[in-house]
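Below, each chain spelled out in residue letters.
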Amino acid sequence: MNHVKKPDNKPLLIYVAIVIVAMLMINALLVPAINNQHVREVDYSSFLSMVEDKNVSKAQLNNDYITFEDKEGNYYKTTTFNDPDLVNRLNDAGVAFGRVITETNPIVAFLLSWILPLVIFYVIGMLLSRMMIKRMGGGAGGGLGGNPMMSFGKSNAKVYVPSTTSIKFKDVAGEEEAKQLLQELVQYLKDPKKYADIGAKCPKGALLVGPPGTGKTLLAKAIAGEANVPFFSIAGSEFVEMFVGMGASKVRDLFDQAAKNAPCIVFIDEIDTIGKKRDGASAIGGNDEREQTLNQLLTEMDGFDASKGVIILGATNRPEVLDPALLRPGRFDRRIPVELPDLQGRIDILKVHSKDVKMADNVDFSSIARTASGTSGAELANIVNEAALRAVRQGRRFVTQEDLQESIEVVIAGYQKKSRVLSTKEKLIVSYHEIGHAMVAAYQTNSAPVQKITIIPRTNGALGYTLQVDEGDKFLLSKEEMLNRIATFTGGRCAEELIFHSITTGASNDIEQATRFARAMITQYGMDDDFGMVAMSTQSNMYLGGDQQLACSPETAKKIDDAVVKVVKEQHDKAYAILEEHQDKLHELAKYLYDHETITGEEFMKILLAKPETVDSTAEEVIGASETENQEVNSSI
Ligand code: ADP
Ligand code: MG
Ligand code: ZN
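Quantities reported herein were computed from a predicted structural model and do not represent experimental measurements.

Draft legend 1. Region of the structure containing the overall build of the protein chain. Scanning the protein chain for helices and strands turns up 22 helices and 17 strands. A fraction of 74% describes how many contacts in the protein chain between residues 6 or more apart in sequence connect residues 24 or more apart. About 32,700 Å² of surface is accessible on the protein chain, with carbon and sulfur atoms providing 57% of the total.

This is the structure:
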């Protein structure tokens, strides 16, 4: 679909050649004509002897050289000499001689020295500017016509012509709501009259919002494939130009083109690049250019008559930074959420992407999808591809369940780092650490079952991890579940403290996560008794990791910090107590993990439940416990 034109360097070479040829020509014209014929250079004495022999017919005396012709018509050249007798000698020998007054016609000389350079510079300038327009994408929009100089700053929105091979809605798995909302737009474009008859106005614009990799761009392309109308696609960053005012003129041109081609769709990807809120700061030497571009976009969207059948689509993963003016009715008035896929969505996406991949018969997509919870469509596509690559690496002709399982971990935690060799002591610490996580999770009710524990280092720096996978998707977490998760995060460090009576740097990621959870409980979810249901932070970038910004007085911030410390400390103590109580199991499991390096959830549970006398009633509940959120990867150790 994207046929981006490769900038070719051929024209440049041709221009260089032209310039060189032109320069050679000037050079040739400026030198006296005689030089162009075959001239033999001789010394002065031979000249004199030739004169004496009456062999010279004509001579031309110049300031620093003499050219002459012999009887046979050959040309010669010699240097002048301070020779007062020369004139007499030539006279005696009957040589016709003279001095050239002007070597070239004055008019010609004037043309050559003044007009020709100007002409050459003009031509070079023209060629360069034309090349620049080409580079900047002017004229790529198709059918621009006219003087090429005038197309400076044309938008380079690509026109996608409907074709049979293009992407359809069925290539976008999951995202049913988004598809349904977009379907209506497609219907409108196919039959605007039906809507006009009843007096309904089509929304002018729709904004696709969602985290990266969820298929926003893909959906836009699918609309182009479904609607069978021209599709103009441009990325927000393409409006940001070298010259001030270019962005605005590109917007104008884009909408001109769209108006000519209605009904059609205009798609502006990553619209936040130009649609950021205008604020006071930008007036002071800020990004005035961007503001102009945005203003032009707003103006054009207002000026548009929706009944003509032009729909403007935008996509962004930072809707909160968009200027409110862009979002008001009449502009991007319809917001289409494109969220991370749910379990069924993930299964469907895996199926779409493994359509052309040879899979073993026993591959179970639903188990893969469950493990890969929280991943985006792009990551799932990547998982399938990693699995296929792994199969090839291992010389197989099809992809197995194991390939897929391993590639999830590759996508989440990076490749296995076989070259990193842990010392025996380190390996032992990591074993206890990971088992600590797993046991704390297992002895609490409402924790996701452990699926895998490994102490094989990963390229992302994790020395091992414990993978917990939930049965289904989980959208609500109770306070107890949140606390349990924090306890699980601290479990690794607790095991180190309990067994080695010292602590390591391996828990940094656990600490970060535990703190994040505790803070969110208090400032976001109103789960703290002292603070109650008061939001004390605002969230920005909700689709890009979600930065929390405290919105409270410094005194409250201090109290929050104290409360966070308290929550984490309590959970740490709880986890420590669990491990202390089941220390024998901790030893047994850590040894088993140390020997095997990777163990499955079943192996783990089997050992955990092995001796009935040490397994109390809590452990029985463990088997049925399945209800915590999707999956936690306790990386760092
Ligand atoms: P973004 O939302 O960041 O624009 P893209 O549309 O560029 O994401 O998605 C990147 C790739 O991920 C797509 O080309 C596609 O291969 C895959 N992908 C993402 N979401 C889906 C989906 N819902 N169904 C199928 N493939 C998807
Ligand atoms: Mg995109
Ligand atoms: Zn850990």
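Read on, since the account is not over.
Draft legend 2. Region of interest: the coordination of the zinc ion (ligand 3). Coordination of the zinc ion (ligand 3) by the protein comes from H433 (NE2), H437 (NE2) and D510 (OD), over a distance range of 2.0 to 2.1 Å. Read from N- to C-terminus, the donor residues coordinating the zinc ion (ligand 3) fall into the pattern H-x3-H-x72-D. Of the two residues, H437 sits in helix α16 (residues 424-443) while D510 sits in helix α18 (residues 508-523), which places them 73 residues apart along the sequence. Since its relative accessible area comes to 0%, H437 is described here as buried.

Draft legend 3. Summary view of unusual backbone geometry. Within the chain, E175 stands out as a residue other than glycine whose phi angle is a positive 50°. Residue placement: E175 occurs in the loop between β6 (158-160) and α5 (176-190). Residue E175 is classed as buried on the basis of its relative accessible area, which comes to 12%. Of note in the backbone geometry, E270 takes a positive phi value of approximately 45° without being a glycine. Here E270 is to be found in the loop between β9 (264-269) and α9 (272-275).

Draft legend 4. Spatial organisation of the site of ligand 1. For ligand 1, the set of nearby residues contains 15 residues, the closest of which are A173, G213, K216, T217 and H353. One nitrogen or oxygen atom from the main chain of G213 is found 2.8 Å from an oxygen atom belonging to ligand 1. Considered on its own, ligand 1 offers 550 Å² of accessible surface; in the complex 80% of this is hidden by protein. Elements with a minimum of two residues in the shell around ligand 1: α7 (216-227), α12 (343-353) and α14 (377-393). Ranked by residues supplied to the shell around ligand 1, first place goes to α7 with three residues. Among the residues making up the shell around ligand 1, the classes are represented as six nonpolar, six polar and three charged. Residues from two domains meet in the shell around ligand 1; each of domain 3 (158-337) and domain 4 (343-413) gives at least three.

Draft legend 5. Region of interest: the packing of aromatic side chains. For the structure shown, the criterion picks out seven aromatic pairs. Ring centres of F47 and F68 lie 4.6 Å apart, and the angle between their planes is 50°; this geometry places the pair in the tilted category. Here F47 is found in helix α2 (residues 44-52), whereas its partner F68 is found in strand β3 (residues 65-70), with 21 residues between them in sequence. In this structure F47 comes out as buried when scored by relative accessible area, which is 0%. Judged by centre distance (5.6 Å) and plane angle (55°), the rings of F489 and F517 are tilted. Here the residue F489 occupies a position in helix α17 (residues 479-500), and F517 occupies one in helix α18, the gap between them amounting to 28 residues. Residue classification places F489 among the buried residues on the basis of a relative accessible area of 4%. Residue F517 is classed as buried on the basis of its relative accessible area of 11%. Grouped by ring-pair contacts, the aromatic residues Y44, F47, F68 and Y76 constitute a single cluster. Across the ring face of Y65, the terminal group of K77 is positioned such that the distance to the ring centre comes to 4.8 Å. Here the guanidinium or amino end of K427 rests over the ring plane of Y594, the centre of that ring lying 4.6 Å away.

What counts, and where the lines are drawn
- Residues numbered from 1 in each chain as written.
- Chains lettered and ligands numbered in written order.
- Predicted model: local features only at pLDDT ≥ 70, side-chain atom pairs only at ≥ 80, totals over all residues.
- Heavy atoms only, no water.
- Helix = DSSP H or I, 4+ residues; strand = E, 2+ residues; numbered from the N terminus.
- Contact = heavy atoms within 4.5 Å.
- Areas by Shrake-Rupley, 256 points an atom, 1.4 Å probe, with all protein chains shown as cover.
- Donors = N, O, S within 2.8 Å, 3.2 Å for Na, K, Ca; no water.
- Buried < 20%, exposed > 50% of the residue type's maximum accessible area, 1.4 Å probe, protein only.
- Near = heavy atom within 4 Å.
- Polar contact = N/O pair within 3.5 Å; in protein donor to acceptor, adjacent residues only side chain to side chain.
- Nonpolar A, V, L, I, M, F, W, Y, C, P; charged D, E, K, R; others polar.
- Domains from an automatic or database assignment.
- Phe/Tyr/Trp six-rings, centres within 6.5 Å; stacked < 30°, edge-to-face > 60°.
- Lys NZ or Arg CZ within 6 Å of the ring centre and 35° of its normal.

Function-wise, these values are silent; they only describe arrangement.
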